[in-house]
Protein chains: 2
Amino acid sequence: MADTVDRMQQRLVYLFGTGTTHGHAGMRELLGGKGANLAEMSNLGLPVPPGFTITTDVSNLYYANAKTLPSGIEDAVIDAIDKVGAAVDMRFGDVDNPLLVAVRSGARASMPGMMDTILNLGLNDQTVEGLARRSGDARFAYDSYRRFIQMYGDVVLGVDHGVFEDILANYKNLNGLASDTRLAAEDWQAVIDQYKAAIMREIEAPFPQDTRAQLWGAIGAVLNSWQSARAITYRRINDIPDVWGTAVTVQAMVFGNMGTSSATGVAFTRNPSTGANEIYGEFLVNAQGEDVVAGIRTPQLLTNAARADLGTKGATLEELMPAAFAELTVIFSRLERHYRDMQDIEFTIQGGKLWILQTRSGKRTVEAGLRIAVELAEAGVITRDEAVLRIDPGSLDQLLHPTIDPSVDRQVIAAGLPASPGAAAGEIVFTAEEAEEFKVKGRSVILVRIETSPEDVHGMYAAAGILTARGGMTSHAAVVARGMGRPCVSGAGMLRIDAKAGTLTIGKEILKRGDVITIDGSTGQVIKGRAEMRQPALSGAFATIMGWADAVRTLKVRANADTPRDAKQAREFGAEGIGLCRTEHMFFEEARILAMREMICAGDAKGRRAALAKILPMQRADFEAIFEIMAPLPVTIRLLDPPLHEFLPHHEREQEAVAEALKMPIDKLKARVSELSEFNPMLGFRGCRLAIRYPEITEMQARAVFEAAANVEKKTGAKVAVEVMIPLVAYRREYDILADVIRAAVVAVEHEMGVKLACSLGTMIELPRTALRAEEIAAGEAGADFFSFGTNDLTQTVLGLSRDDAAPILARYQEVGVFDVDPFVSIDVDGVGELVRIGVERGRKAKPGLKMGICGEHGGDPASVSFFHACELDYVSCSPFRVPVARLAAAQAALLARDGDAVGVATTKRNSA
Amino acid sequence: MADTVDRMQQRLVYLFGTGTTHGHAGMRELLGGKGANLAEMSNLGLPVPPGFTITTDVSNLYYANAKTLPSGIEDAVIDAIDKVGAAVDMRFGDVDNPLLVAVRSGARASMPGMMDTILNLGLNDQTVEGLARRSGDARFAYDSYRRFIQMYGDVVLGVDHGVFEDILANYKNLNGLASDTRLAAEDWQAVIDQYKAAIMREIEAPFPQDTRAQLWGAIGAVLNSWQSARAITYRRINDIPDVWGTAVTVQAMVFGNMGTSSATGVAFTRNPSTGANEIYGEFLVNAQGEDVVAGIRTPQLLTNAARADLGTKGATLEELMPAAFAELTVIFSRLERHYRDMQDIEFTIQGGKLWILQTRSGKRTVEAGLRIAVELAEAGVITRDEAVLRIDPGSLDQLLHPTIDPSVDRQVIAAGLPASPGAAAGEIVFTAEEAEEFKVKGRSVILVRIETSPEDVHGMYAAAGILTARGGMTSHAAVVARGMGRPCVSGAGMLRIDAKAGTLTIGKEILKRGDVITIDGSTGQVIKGRAEMRQPALSGAFATIMGWADAVRTLKVRANADTPRDAKQAREFGAEGIGLCRTEHMFFEEARILAMREMICAGDAKGRRAALAKILPMQRADFEAIFEIMAPLPVTIRLLDPPLHEFLPHHEREQEAVAEALKMPIDKLKARVSELSEFNPMLGFRGCRLAIRYPEITEMQARAVFEAAANVEKKTGAKVAVEVMIPLVAYRREYDILADVIRAAVVAVEHEMGVKLACSLGTMIELPRTALRAEEIAAGEAGADFFSFGTNDLTQTVLGLSRDDAAPILARYQEVGVFDVDPFVSIDVDGVGELVRIGVERGRKAKPGLKMGICGEHGGDPASVSFFHACELDYVSCSPFRVPVARLAAAQAALLARDGDAVGVATTKRNSA
């Protein structure tokens with residue numbers, strides 16, 4: 001209660017557009033994005049319908065007090081609505097000159113379509129007549145009233161919207177009316193009577209005629225929608241905290257459906273799909289905003305240029321209402337300069353007068369985001385550093401995955417709008433539930449829907465791509481898919497979808513659930529079967545941003561690469577070396593595993609050496625290929641790490657074949673398999689423990705590494721920078737024993753080949769003990785030359801959680817809030833992170849210049865990269881495809897640290913502003 | 001080389017008994033135990049044959065420089081030997097009046113029988129004649145010479161001692177001589193010729209006649225024996241570092257074999273077996289020291305009292321040489337008072353004159369150690385604290401194991417000397433190798449030998465007990481067995497042992513290899529079959545020391561006890577509570593596991609609750625029994641911890657039976673088994689993770705705990721101090737979720753039963769993250785009330801080493817010196833220990849009085865207890881049988897910390913002084 005009282009001292013309701021404007025753009029936390037921007041636009045003198053915003057504090061108090069509004073709010077709202085009415089010379093609830101309002105949610109971050117909105121509030125059986133008189137358009141008035149009843153009935157009173165749709169459809173059928181525009185005022189009056197009767201039937205109470213009761217009902221519904229299932233899901237997917245709460249904006253209605261000189265539309269100041277600097281948007285004449293977004297009528301384009309580009313027909317706003325269009329273009333560029341970012345704007349033209357309803361930083365594809373950031377920076381609107389900070393590093397991921405190979409023939413079976421770029425192939429499913437089921441089984445799916453709604457969001461998340469038959473570029477499907485980075489083709493009108501039968505019919509083509517299609521969200525094409533994909537490349541704005549990022553970052557970025565193919569990809573993506581080259585992968589190849597098995601089953605060191613001698617030339621060749629690609633960049637080679645039983649056959653038939661090939665009795669092979677089996681292989685006979693037991697393995701590997709280095713140096717003249725890394729070290733003595741073996745190999749190779757080789761030796765830090773003993777392990781000239789934090793294993797040991805067994809535990813733990821994010825994806829800063837910090841501090845205590853990096857999968861996670869920057873590591877190493885992500889994240893970390901921001905600010909949050 | 005030069009500045013040779021005595025008792029590190037004590041005795045004015053000691057520095061330089069003696073040593077030795085000669089009016093190498101010397105090893109710690117000794121050195125073909133003339137006893141002179149050749153030939157020249165034994169046996173046979181005493185001077189001369197010829201044959205070089213060459217050969221042999229296989233083994237078993245090195249003592253010979261007024265003997269100032277304050281020792285008339293120790297002739301007792309006690313025959317020293325005996329007793333008590341400890345003394349009487357050859361703190365049984373410490377303290381010779389510090393806590397273990405139940409009839413088949421107390425049963429083996437083989441297979445064995453030699457030490461270590469046919473109370477077998485804490489019966493002359501045939505014949509009884517016998521080292525009895533054993537109790541000196549220990553320690557000692565039986569045992573051994581009561585053990589009982597399996601296989605919470613309801617009354621009854629025994633001492637109950645698959649059947653047939661009993665399809669059961677199987681169960685679905693997934697398990701357990709507490713309080717009136725411990729917590733949120741469940745159960749039970757219960761909640765700290773986040777987990781009133789470090793799991797996670805899989809790794813790691821001691825036995829202070837320290841510091845930062853203990857197996861390891869004391873933990877908890885060990889270790893830690901000693905000084909070292 002103390003909290004309530006404190007908060008009560010503060011203003012709960014903020015006016016805008018009424019002459020007095022309390023808020024501004026900086027008050028996003030309190031007023032939500034929408035409320036803050038309306039206040040800001042109002043301050044700018046733009047034509048904003050007046051209104052007021054109920055703060056997010058009210059939302060939080062509402063939930064803190066069992067859904068009870070704080071006292072004092074009532075008077076404040078009544079006072080505010082009177083002032084709004086005064087500003088437009090109307091009165092709320094007045095039968096002659098009624099003020100109608102829109103009630104909308106407005107969270108700090110945009111959650112498109114997730115929360116409820118009520119329009120036309122303030123109409124009742126009396127005020128509708130006043131509206132009809134004032135507007136001189138009875139049809140408009142009754143149409144508004146029925147829309148209001150329908151929306152309020154659905155959202156506030158909980159009457160299924162199907163009830164209203166059925167009434168309307170039925171009425172049209174009975175009266176032979178083909179479309180809504182054919183209904184006259186009387187028709188709408190008849191529909192309204194049926195709507196009211198239906199509400200009475202459904203909720204056993206009449207539709208509220210008291211306009212204040214309507215207002216409180218709507219405010220309550222908007223507040224409640226913050227905790228709707230779909231809003232909660234959206235927040236979870238987008239990392240939006242529950243505690244932010246929502247503001248409620250009540251704003252005077254303006255009408256795009258007041259005849260043919262009225263219109264409503266949405267616009268982006270730049271193309272949100274490509275980033276091109278062109279007005280991009282859609283509108284509908286004589287319609288309310290919901291008609292544009294809902295995808296029920298296919299909207300028209302704003303500009304003639306866009307129409308030409310897309311090759312569509314229909315009049316543009318530029319043609320139909322040139323004055324309003326001209327005013328709009330001026331406002332667009334003003335808003336973009338003011339907000340220093342591409343804007344997403346809702347507008348309405350009522351009887352030829354332009355009203356700006358909303359502006360916000362527009363969602364955009366990653367490609368568009370890059371281009372917009374670069375072009376804004378080049379235009380001097382923002383700095384290069386700001387451009388770098390504008391891009392969510394994680395989002396780059398979608399540019400770094402294959403697209404359809406343009407050189408291959410495609411069997412295009414349909415086309416729609418290029419609603420969200422990128423290509424995806426998968427099995428056809430028809431419901432969100434199917435999409436999730438298939439996903440769980442590891443299958444890639446394309447979700448095919450007539451149109452999508454917020455209820456489909458979880459299925460869209462589970463799908464590799466989305467295909468819809470209806471809806472434009474700003475339809476629900478398109479906006480949500482772009483936000484999620486899922487390819488989407490929308491409005492492909494030729495699709496005939498029968499979800500019950502599980503068929504998708506396109507002309508004569510009948511596809512069934514489970515058939516594979518490919519969609520290309522960049523062209524709008526739908527392709528039969530799985531199309532050939534092409535590797536992405538860094539170019540254009542992407543390359544520019546990467547260059548700017550590289551200029552500011554201090555953390556180097558390497559790649560984890562085990563093969564020449566990986567190494568090539570890594571260099572293409574700008575890796576500055578290989579941070580982890582796992583040598584065991586080299587042994588699993590058909591031709592090699594037999595020698596490996598022979599080694600494992602040998603009875604003595606002599607037998608092992610004989611088998612290892614067969615592996616040596618193959619291993620050396622692997623290294624030669626990688627060194628040639630990477631030189632002179634450093635390559636960190638990790639010695640054999642996995643438990644030996646991973647190399648042995650575990651099934652009877654396979655064992656027989658192997659025993660025969662090795663000319664050994666099968667019982668002996670089985671005995672060896674059984675001897676090497678372990679209760680907890682993760683904590684068992686692996687890493688340097690293998691090498692200490694069988695030093696001949698390390699002898700062979702060291703020889704292969706240094707012979708390869710010598711050969712490549714001789715062949716290419718380039719200096720090969722090899723770093724040999726000993727895995728799973730926990731004790732200095734382990735390091736010393738194997739370092740001696742490796743150094744002896746270097747000396748031998750130098751002697752035999754008459755060369756002088758550089759030899760850098762280091763250890764993984766993947767066990768808590770290693771981090772704690774880092775000083776001892778690095779101490780002295782013979783101590784480790786470098787450390788590489790193996791944060792995968794370190795996470796397993798610090799949390800006592802096996803990654804292979806963690807799935808059910810992780811799911812439950814995210815559910816009950818033990819952690820927000822999978823600690824194998826983003827580093828556990830408080831636990832694992834502390835050991836990393838300890839390891840760094842102690843390692844550098846022994847050797848101030850000790851080179852340190854990380855090579856766990858966290859190396860490609862932006863939040864983790866930011867943490868590693870703060871730890872002052874020298875580099876992160878991640879999969880080749882994540883290298884650009886890490887480069888950008890490292891740059892952002894450097895910029896934020898320079899600007900004194902807290903480390904680990906989630907960059908996603910910034911972009912959703 | 002710099003090192004050599006530095007050391008050269010120091011004295012390499014220390015004289016004693018020559019008028020000048022350089023050393024004293026405090027110079028054990030430099031002079032070895034023997035050398036330091038000879039110097040000390042010499043300083044005390046005791047009759048010590050003069051000599052000098054070559055320092056351990058020389059030994060270390062010798063090994064550091066490829067077995068080369070440092071320069072300067074030659075002159076120093078020659079100078080010293082001249083001074084020794086002068087002191088006894090003889091000259092080394094002089095043909096008329098030759099000085100003979102003994103050359104012995106002397107390490108800092110006693111290593112009985114482990115290293116080489118050469119006697120009678122200085123004899124050659126000339127000096128032997130001088131000795132004959134001077135002593136007037138040609139037989140003695142030639143006997144000494146042949147002994148010298150034999151010993152030198154074996155030890156220095158490497159000629160197998162069998163060669164000499166064969167020659168002698170052959171000579172006796174040919175000449176019809178029954179025993180050595182029958183050989184006259186001429187016989188020995190003939191034997192000597194054959195010995196010398198044999199040496200020439202074996203090593204192709206003559207036996208050295210140059211006495212200085214003899215001396216250097218002997219010094220080298222003693223130095224080399226430091227690295228003999230048996231010495232290395234002994235050091236490994238007894239934790240003696242290699243780097244200590246050995247000193248070499250060269251001392252004028254005195255002769256116990258100069259006729260019937262000569263004798264040699266060993267004595268303890270107290271009974272080393274029982275600790276009784278009585279002279280205890282043996283001697284042989286006309287013999288050299290080796291004859292007593294070797295067990296070839298059965299020696300006579302020193303005192304009449306001992307003879308009466310043991311019921312043996314034969315003249316005592318007290319009878320035969322009363323004057324020497326009287327002088328000896330005076331010296332004994334003087335030495336004991338001087339050294340403030342029971343002494344083990346070697347003496348020789350030459351022609352009636354007493355010489356003291358050696359004194360050292362005597363090895364003793366644990367029981368004797370306790371009694372001696374208590375009696376010395378009670379006599380005011382040492383303080384009570386010193387008495388507490390004198391006992392190796394680890395050695396108490398042997399008093400805490402079963403002895404033969406005296407109330408049961410024993411089939412005694414033989415009797416020998418009670419050489420090392422305690423009882424042991426096991427299968428008969430006849431060689432050290434067999435003993436090791438059986439041990440590896442987990443079988444308990446009794447090693448049966450005619451007599452033992454240093455080559456048998458590894459087998460004695462592997463055996464549960466040792467039985468010999470020959471040798472006295474100070475024979476090799478007896479001394480080594482007492483040192484190792486192995487029961488031993490020696491000198492059981494009625495045994496006829498045929499190792500090749502694998503039979504032990506005692507009268508008509510023929511036992512074979514593998515037959516079971518029991519030996520009672522406290523009575524000397526050999527019993528057929530496995531005798532009933534009795535649990536030990538704390539009484540007498542043991543109880544007194546425990547009382548003194550309790551008076552000084554600050555660390556409390558609890559026990560790990562899962563059953564009422566364990567709990568009773570724990571209280572008897574002085575546990576101050578239960579630190580770990582594992583509840584899962586309660587579920588494995590036949591009657592309960594089915595309900596447990598039903599719970600695991602239930603499809604929903606309702607089904608689980610139904611199964612848990614069956615377990616509740618059983619679990620409650622367990623707790624009631626334990627609470628009744630322990631109240632008002634605290635009992636820490638750990639919630640269910642192991643992975644659920646441990647409760648499920650894994651074999652086909654068992655699965656069928658369980659499926660039938662549970663009335664479920666076997667496929668469903670199999671599916672559940674497979675679903676719960678894990679790659680790394682140690683890091684999987686266990687501990688609090690189970691409870692967070694299935695909170696109903698915790699509900700049931702909490703209810704059982706608190707209902708039991710309420711019932712016991714009502715029944716007994718005593719306050720039950722329950723501490724509920726949540727396992728495997730890594731995150732505060734895990735703790736909070738389960739703490740809420742438990743607190744709700746407390747409230748419910750209080751309400752239902754009308755009682756008020758104390759409820760202390762805490763967590764295990766068994767993961768690195770938990771230690772790092774200790775402050776957060778303990779913070780606030782709702783935070784943990786206590787921590788218990790689970791050092792078993794903490795060791796597994798910090799080292800990344802699965803205990804179940806560690807055996808082959810541990811063995812290899814001890815071999816190559818990664819660690820000296822198994823980290824699962826004695827805590828890894830540098831790694832795991834640091835996390836304990838971090839956890840303590842952070843926990844107390846949140847709550848200054850936070851109660852903290854440890855409940856891993858390290859709780860019963862003295863070195864670990866010492867560390868935990870230093871960490872300022874409140875208690876350790878260990879197995880009931882280790883409680884007295886922990887109590888003593890805790891007291892020693894407190895004393896050492898008070899006295900400013902370094903923590904973790906191995907107490908074994910102190911006792912071997």
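A quick note: this is a predicted structure, and the numbers were derived from the prediction, not measured.

Here we look at the nonpolar core
Most often, soluble globular proteins have nonpolar side chains that are buried together. Leu396(A), Phe627(A), Leu396(B) and Phe627(B) are the most contacted members of the largest nonpolar core, which has 323 residues in total. Aside from chain neighbours lying at most four places away, what touches Leu396(A) is Val366(A), Leu370(A), Ile391(A), Phe542(A), Met546(A), Pro884(A), Val885(A) and Leu888(A).

Section: the packing of aromatic side chains
Residue and element names in this part refer to chain A. Per the stated rule, a full pass over the model turns up 28 aromatic pairs over all chains. Between Phe-573 and Phe-881, the aromatic rings sit 5.7 Å apart at their centres with planes inclined by 65°, giving edge-to-face as the arrangement. With Phe-573 in the loop between helix 21 (564-572) and strand 27 (578-582) and Phe-881 in the loop between strand 33 (875-878) and helix 35 (883-898), this residue pair connects regions lying 308 residues apart in the sequence. For Phe-573, a relative accessible area of 1% puts it in the buried group. For Phe-881, a relative accessible area of 24% corresponds to the partly exposed category. Three or more aromatic residues joined by ring pairs form one cluster here, namely Tyr-145, Phe-148, Tyr-152 and Phe-207.

A short note on the relation of the copies chain A and chain B
Of the transformation placing chain A onto chain B, the axial shift is 0.1 Å and the rotation is 180°, giving an RMSD of 0.2 Å. Put plainly, the chains are arranged around a two-fold axis. Taking C-alpha positions as the reference, the residue of chain A nearest the rotation axis is Asn680(A), at 2.1 Å. A symmetric contact is evident, with 100% of the interface residues of chain A recurring at the interface of chain B.

Structural notes on the sheet that holds strand 12 (residues 353-361) of chain B
Residue and element names in this part refer to chain B. Across the sheet, five strands lie side by side as 10-9-8-11-12; this open sheet has antiparallel pairing. Edge strands, defined here as strands with exactly one partner in the open sheet, are strand 10 (300-301) and strand 12. As paired elements, strand 9 (residues 280-285) and strand 10 share two bridges and run antiparallel to each other. Paired with Phe-283 across the strands is Gln-300, a residue of strand 10.

Remarks on the side chain of Ser802(A)
Along the chain, Ser802(A) falls in the loop between helix 31 (791-799) and helix 32 (807-815). Accessibility expressed as a relative area gives 0% for Ser802(A), which makes it buried. At a separation of 3.3 Å, a polar atom in the side chain of Ser802(A) contacts the side chain of Asn680(B). Once residues within four sequence positions are removed from consideration, Ser802(A) is found in contact with Gln796(A), Asn680(B) and Leu683(B).

Calculation criteria
- Residues numbered from 1 in each chain as written.
- Chains lettered and ligands numbered in written order.
- Predicted model: local features only at pLDDT ≥ 70, side-chain atom pairs only at ≥ 80, totals over all residues.
- Heavy atoms only, no water.
- Core = buried A, V, L, I, M, F, W, Y, C linked by side-chain atoms within 4.5 Å.
- Buried < 20%, exposed > 50% of the residue type's maximum accessible area, 1.4 Å probe, protein only.
- Contact = heavy atoms within 4.5 Å.
- Phe/Tyr/Trp six-rings, centres within 6.5 Å; stacked < 30°, edge-to-face > 60°.
- Helix = DSSP H or I, 4+ residues; strand = E, 2+ residues; numbered from the N terminus.
- Least-squares fit on C-alpha atoms with pLDDT ≥ 70 in both.
- Pairing = 2+ DSSP bridges.
- Polar contact = N/O pair within 3.5 Å; in protein donor to acceptor, adjacent residues only side chain to side chain.

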